[in-house]
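# Per-entry structural report
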Amino acid sequence: MNPDGDTLGSMCAMYSMICNRFKIKADMSIVSNIPYNYKFLPNVDLAQRYFDKSLVYDLVISLDVAAIDRVLDSKILFDKAKCRVNIDHHKTNPAFGDYNIIESDSSSCGEVLYNYFKANNWDIDKDSAVCLYTAIMTDTGNFRFENTSSNTLRAAADLVDAGANPNYIYKQCYETKTKNFVLFQNYR
Ligand SMILES: [Mn+2]
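The structure reproduced in this document is the subject of the present report. Computed from a predicted structure; not experimentally measured. (Residues numbered from 1 in each chain as written. Predicted model: local features only at pLDDT ≥ 70, side-chain atom pairs only at ≥ 80, totals over all residues.)

### Describing the overall build of the protein
- In terms of regular secondary structure, the protein is built from seven helices and three strands.
- Shown N-terminal to C-terminal, the secondary structure of the protein runs as helices and strands in the order α-β-α-β-β-α-α-α-α-α.
- Here the C-alpha atoms of the protein give a radius of gyration of 16 Å, agreeing with the 16 Å that 2.2 N^0.38 yields for 188 residues.
- Projected onto the principal axes, the alpha-carbon positions of the protein cover approximately 50 × 40 × 35 Å.
- Every one of the 188 residues in the protein was classed for burial, and the buried ones make up 34%.
- Contacts in the protein between residues far apart in sequence, at least 24 positions, make up 63% of those at least 6 positions apart. (Helix = DSSP H or I, 4+ residues; strand = E, 2+ residues; numbered from the N terminus. Rg over C-alpha atoms; globule rule 2.2 N^0.38 Å. Buried ≥ 20, exposed ≤ 12 C-beta atoms within 10 Å, placed from the backbone. Contact = placed C-beta atoms within 7 Å.)

### Observations regarding the pairing of strand β2 (residues 83–88)
- As paired strands, strand β1 (residues 59–63) and β2 are joined by five bridges and run parallel to one another. Each residue of the ladder has a partner; that of Ile61, found in β2, is Val85.
- Since β1 and β2 lie parallel, the crossover through helix α2 (residues 75–80) that links them has a hand, and here it is right-handed.
- Where β2 and strand β3 (residues 99–102) come together, four bridges link them in parallel fashion. Of the residues in β3, the one forming a bridge with Val85 is Tyr99. (Pairing = 2+ DSSP bridges. Right-handed = clockwise from strand over helix to strand, strands pointing away.)

### Focus: unusual backbone geometry
- For Ala95, which is not glycine, the phi torsion reads 60° and is therefore positive.
- Residue placement: Ala95 occurs in the loop between β2 and β3.
- The exposure class assigned to Ala95 is exposed, which follows from the 11 C-beta atoms found within 10 Å.
- Positive phi outside glycine occurs at Phe143, with the angle close to 65°.
- Position of Phe143 relative to the elements: it lies in the loop between α4 (126–139) and α5 (150–161).

### Side note on the sheet that holds β1
- With parallel pairing, the three strands of this open sheet are ordered in space as β1-β2-β3. On the outer flanks of this sheet lie β1 and β3, each paired with one strand and no other. Taking the axes of each pair of neighbouring strands and ignoring which way they run, one obtains an average angle of 10° across the sheet.
- Sheet contacts for helix α3 (residues 109–119): β1, β2 and β3; angle to β2, the most-contacted strand, approximately 115°. (Axes fitted to C-alpha atoms, helices over the stretch in contact; angles between N-to-C directions.)

### Section: the nonpolar core
- Counting residues in each nonpolar core, the largest one holds 34 residues, and the members touching the most others are Ala13, Met14, Leu113, Leu132 and Tyr133.
- Mapped by element, the contributors of at least two residues to this core are α1 (5–21), β1, α2, α3, α4 and α5.
- Looking at which element gives the most residues to this core, the answer is α4, with eight residues.
- When neighbours within four sequence positions are excluded, Tyr133 is seen to be in contact with Ala156, Leu159, Ala164 and Ile169. (Core = buried A, V, L, I, M, F, W, Y, C linked by C-beta atoms within 7 Å.)

Keep in mind that these numbers describe shape and distance, not what the molecule does.
Take a look at the structure:
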């Protein structure tokens, strides 16, 4: 519900990792519209709002979701899955998955994923790097909130080396406005 840059960035990074590295088919599910400024995220347009609720997935991964009720009626897909994984950084997360990767000292779900990918020696491709950088940048308020640690900055640097462009991503997230919005601003 109301996904932010961390939610969408983490989802698309995991999607790229699964499809590009492991060559496994995956679907992405969201329950709200995608904010205009996150449309640049690689593959985000493949995310679906409506699903056949009779589907039973082998694996469902919840990303940046502090409480499973937040996914509204998509919860049925999570509940019915053969394996449920919960990856998050919120202190309040009650560990609702069969497997839980919760790091409350990480800035963002993007940083948790980055740590996981690195720990498993999974190469981070450019699409994943763009998504993870976006996730970390937006949840740290451009690396200025208290949750910004030395690990956060090392992750960001590594993601830049892997192809994320800080200036481009910043502009997409904070300087992209709809045509109507720009007209409205000019009118005022
Ligand atoms: Mn987050």
